[in-house]
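One letter stands for each residue in the lines below.
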Amino acid sequence: MHVLKVVWLLLAAAPCLIRGLMGGKPTNIRNKILQAILLDQRYPLPEATVDKRAFSVIHKKPGIADECCPSITESVSLRGGLSRDRRLLELYRDHKTQQRFYQTRCLAGVANKPCRFLNPSDVISRCVQQHTYMYAIVKDYKIDEPYRLDYIRVKSGCACVVNPRSKGVNLVTVR
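Residues numbered from 1 in each chain as written. Predicted model: local features only at pLDDT ≥ 70, side-chain atom pairs only at ≥ 80, totals over all residues. Heavy atoms only, no water.

(A) Just the nonpolar core, in detail. Counting residues in each nonpolar core, the largest one holds nine residues, listed as Val 76, Leu 78, Leu 89, Leu 91, Phe 101, Ala 136, Val 138, Ile 152 and Val 154. Within the residue set of this core, elements represented by two or more residues are strand S4 (88-91), strand S6 (123-140) and strand S7 (148-164). Among all residues touching Leu 91, those that are not within four sequence positions of it are Leu 78, Arg 79, Gly 80, Gly 81, Gln 99, Phe 101, Ala 136, Ile 137, Val 138, Tyr 147 and Ile 152. Within the second largest apolar cluster, six residues are counted, among which are Cys 69, Val 110, Cys 127 and Cys 158. (Core = buried A, V, L, I, M, F, W, Y, C linked by side-chain atoms within 4.5 Å. Buried < 20%, exposed > 50% of the residue type's maximum accessible area, 1.4 Å probe, protein only. Helix = DSSP H or I, 4+ residues; strand = E, 2+ residues; numbered from the N terminus. Contact = heavy atoms within 4.5 Å.)

(B) Broad picture of the side chain of Thr 104. The topology assignment puts Thr 104 in strand S5 (residues 100-106). Classification of Thr 104 as buried rests on a relative accessible area of 16%. Residues within four places of Thr 104 in sequence aside, it is in contact with Ser 71, Ile 72, Thr 73, Gln 129, Lys 155, Ser 156 and Gly 157.

(C) Spatial organisation of the packing of aromatic side chains. Under the definition given, this model contains two aromatic pairs. When the centroid spacing of 5.1 Å and the interplanar angle of 85° are considered together, the rings of Tyr 92 and Tyr 147 count as edge-to-face. Taken together, the residues span a long stretch of sequence, with Tyr 92 in the loop between S4 and S5 and Tyr 147 in the loop between S6 and S7 at a distance of 55 residues. On the basis of an interplanar angle of 20° and a centroid distance of 4.5 Å, the ring pair of Tyr 135 and Tyr 151 is categorised as stacked. Note that Tyr 135 is positioned in strand S6 and Tyr 151 in strand S7, a separation of 16 residues in sequence. Over the aromatic face of Tyr 151 sits the side chain of Arg 84, whose NZ or CZ is 4.0 Å from the ring centroid. (Phe/Tyr/Trp six-rings, centres within 6.5 Å; stacked < 30°, edge-to-face > 60°. Lys NZ or Arg CZ within 6 Å of the ring centre and 35° of its normal.)

(D) Spatial organisation of the state of the cysteines. The full count for this structure, using the stated rule, is three disulfides. Each disulfide pairs two cysteine sulfurs, and for Cys 69 the partner residue is Cys 127, the sulfurs being separated by 2.1 Å. When the S-S torsion is -85°, as for the bridge of Cys 69 with Cys 127, the disulfide is left-handed. Remark: Cys 127 occurs in strand S6 and Cys 69 occurs in the loop between strand S1 (57-58) and strand S2 (71-77); sequence separation between them is 58 residues. Cys 127 matches Cys 69 in its accessibility class, with the two residues each being buried. One disulfide in the model links Cys 115 with Cys 160; its S-S distance is 2.1 Å. (Disulfide = S-S within 2.5 Å.)

(E) Focus on the pairing of S2. In terms of residue burial, S2 counts as a mostly covered element, since five of its seven residues are buried. Pairing between S2 and S5: seven bridges, direction antiparallel. Bridging from a neighbouring strand, Val 76 pairs with Phe 101 of S5. (Pairing = 2+ DSSP bridges.)

The following block contains the structure:
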């Protein structure tokens with residue numbers, strides 16, 4: 001019960017504390033908080049020596065275990081894609097703006113092949129491209145209509161699908 005009172009008091013006093021620490025008007029406070037978030041000054045990560053957005057391809061660190069279905073993550077700028085109901089969509093873009101997405105795809109020659117590290121005599125396996133849906137500003141392809149916010153299909157990983165190998169059934173005839 002005392003813990004709840006302390007939490008309630010901290011939540012009630014937080015705006016006053018922040019205003020006192022930041023010194024000033026609420027708009028200055030919001031601006032300073034946003035600036036701190038954008039510059040990663042609030043919670044700097046110990047390993048944050050490389051900005052992920054600076055590279056179009058994310059490279060794996062040495063020493064990390066290999067994947068049974070190797071994949072690569074890259075930042076892509078798509079021109080179009082598919083909606084949830086399989087309609088062709090055109091993404092909004094102009095000379096200043098491009099929508100970018102992180103996409104994880106199977107490496108070349110991996111999709112629909114057997115997974116690594118599995119014994120083919122025990123199981124039937126194959127690497128399958130996974131997808132997810134992300135928000136994007138889109139319109140239907142080749143239709144004059146305003147842009148809207150909708151889902152677009154994006155590659156999200158390379159997964160190993162495993163099925164048991166069917167063993168031959170021995171039929172015994174009883175006389």
